[in-house]
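Chain by chain, the residues run as shown.
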Amino acid sequence: MKSPRTHFLIACVVAVAALTGYVVWYATVSAKSAEVADIQSQIDAATENASRLAAARAALVEVAGDEAKVRAYFVSEADIVAFINDLESLGLSQKAAVSVLSVSAGGSSSRPTLQLALSVKGTFDAVMRTVGAIEYAPYDLSISALSVGQDAKTSWHADLGLIVGSTPPVAATSTP
């Protein structure tokens, strides 16, 4: 039979080995736990960035729609013919004749405008309704000059100067 001292030493060796195994296991689990926490914080940051990106894209879509609505109030140099046709159709709907006398570009490069000179002919009522319809047309425009005169007993004319907000011209790109 072995002595109690041998049993005690064997018990101490087993206890030290178990304690050492526990410490190594605890250190390994702690290191992995720290890695997992770091990865989780990276995932949270990426998720937050993705949600911000999605919100920014949604805002851009909304702003693009708003930009299209705002751009509809301005006349580009390329769309001047359609704008003139709209003015003439406004006159026809009010039973007056609208003639465009001149069109020129004006304003600054940051805020371009188009300057138009118009003549409206018809009865006094038709001329004034046409001037009002032009003034309140859905465009960024202002009347810079207005003169009204009578041509004959029932024929009137109005000469208008319009300043219409324009969009900057798109720069042409060349290909090599």
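It should be emphasised that the depicted structure is a prediction, and the values quoted were computed from it without experimental measurement. (Residues numbered from 1 in each chain as written. Predicted model: local features only at pLDDT ≥ 70, side-chain atom pairs only at ≥ 80, totals over all residues. Heavy atoms only, no water.)

### What to know about the overall build of the chain
Right, on to step 1. Within the chain one finds three helices and four strands.
Right, on to step 2. Walking the chain from its N terminus toward its C terminus, one meets helices and strands in the order α-α-β-β-α-β-β.
Right, on to step 3. Here the chain has a C-alpha radius of gyration of 40 Å; the compact-globule value for 176 residues is 16 Å, and the former is much larger.
Right, on to step 4. Residues classed as buried in the chain amount to 20% of the 176 residues present.
Right, on to step 5. Within the chain, counting contacts between residues at least 6 apart in sequence, those at least 24 apart form 56% of the total.
Right, on to step 6. With an accessible surface of roughly 12300 Å², the chain has 64% of that area assigned to carbon and sulfur atoms. (Helix = DSSP H or I, 4+ residues; strand = E, 2+ residues; numbered from the N terminus. Rg over C-alpha atoms; globule rule 2.2 N^0.38 Å. Buried < 20%, exposed > 50% of the residue type's maximum accessible area, 1.4 Å probe, protein only. Contact = heavy atoms within 4.5 Å. Areas by Shrake-Rupley, 256 points an atom, 1.4 Å probe, with all protein chains shown as cover.)

### Re the sheet that holds strand E1 (residues 97-107)
Right, on to step 1. Read across the sheet, four strands follow the order E1-E2-E4-E3 without closing on themselves; strand pairing throughout is antiparallel. Only two strands of the sheet have a single partner each, and these edge strands are E1 and strand E3 (141-150). The sheet shows a mean angle of 15° between the axes of neighbouring strands, direction not considered.
Right, on to step 2. The pairing of E3 with strand E4 (residues 156-165) spans nine bridges and is antiparallel. Each bridged residue has a counterpart across the sheet, and for Ser 142 the counterpart in E4 is Ile 163.
Right, on to step 3. In the packing of helix H3 (residues 124-135) onto the sheet, the strands contacted are E1, strand E2 (112-122), E3 and E4, and the crossing angle to E4 comes to about 5°. (Pairing = 2+ DSSP bridges. Axes fitted to C-alpha atoms, helices over the stretch in contact; angles between N-to-C directions.)

### A look at the pairing of E4
Right, on to step 1. Most of E4 sits inside the fold, with seven of its ten residues counted as buried.
Right, on to step 2. Both E2 and E4 contribute to a ladder of ten bridges, which runs antiparallel. The residue of E4 that forms the bridge with Ala 117 is Gly 161.
Right, on to step 3. In this structure, the hairpin formed by E3 and E4 is closed by a connection of five residues.

### So, a nonpolar patch on the surface
Right, on to step 1. Together, Leu 19, Tyr 22, Val 23, Trp 25, Tyr 26 and Val 29 give the surface a local cluster of nonpolar side chains, amounting to about 660 Å² of exposed area.
Right, on to step 2. You can see Tyr 26 is positioned in helix H1 (residues 4-71). (Patch = residues over 30% accessible without salt bridge, like charges linked within 9 Å, V, L, I, M, F, W, Y side chains within 5 Å. Salt bridge = Lys/Arg side-chain N within 4 Å of Asp/Glu carboxyl O.)

### Observations concerning the pattern of salt bridges
Right, on to step 1. In total, this model carries three salt bridges according to the counting rule given.
Right, on to step 2. Here Asp 125 and Arg 129 are joined by a salt bridge, their closest N and O atoms 3.5 Å apart. Taken as a pair, Asp 125 and Arg 129 lie in helix H3 at a separation of four residues, close to a single helical turn.

### Some words on the packing of aromatic side chains
Right, on to step 1. Throughout the structure, instances matching the rule amount to four aromatic pairs.
Right, on to step 2. Judged by centre distance (5.8 Å) and plane angle (45°), the ring pair of Tyr 22 and Trp 25 falls under tilted. Taken together, the residues Tyr 22 and Trp 25, both in helix H1 and three residues apart, mark about one turn of the helix.
Right, on to step 3. Ring centres of Phe 124 and Trp 156 lie 4.8 Å apart, and the angle between their planes is 65°; on these two criteria the pair is classed as edge-to-face. Taken together, the residues span a long stretch of sequence, with Phe 124 in helix H3 and Trp 156 in strand E4 at a distance of 32 residues.
Right, on to step 4. Classification of Phe 124 as partly exposed rests on a relative accessible area of 42%.
Right, on to step 5. One aromatic cluster in this structure is built from Tyr 22, Trp 25 and Tyr 26. (Phe/Tyr/Trp six-rings, centres within 6.5 Å; stacked < 30°, edge-to-face > 60°.)

### Some thoughts on the nonpolar core
Right, on to step 1. Grouped together as the largest cluster of nonpolar side chains are 20 residues, with contacts concentrated most on Phe 83, Leu 87, Leu 116, Leu 118, Val 120, Leu 162 and Val 164.
Right, on to step 2. Those elements that provide at least two residues to this core are helix H2 (80-93), E2, H3 and E4. (Core = buried A, V, L, I, M, F, W, Y, C linked by side-chain atoms within 4.5 Å.)

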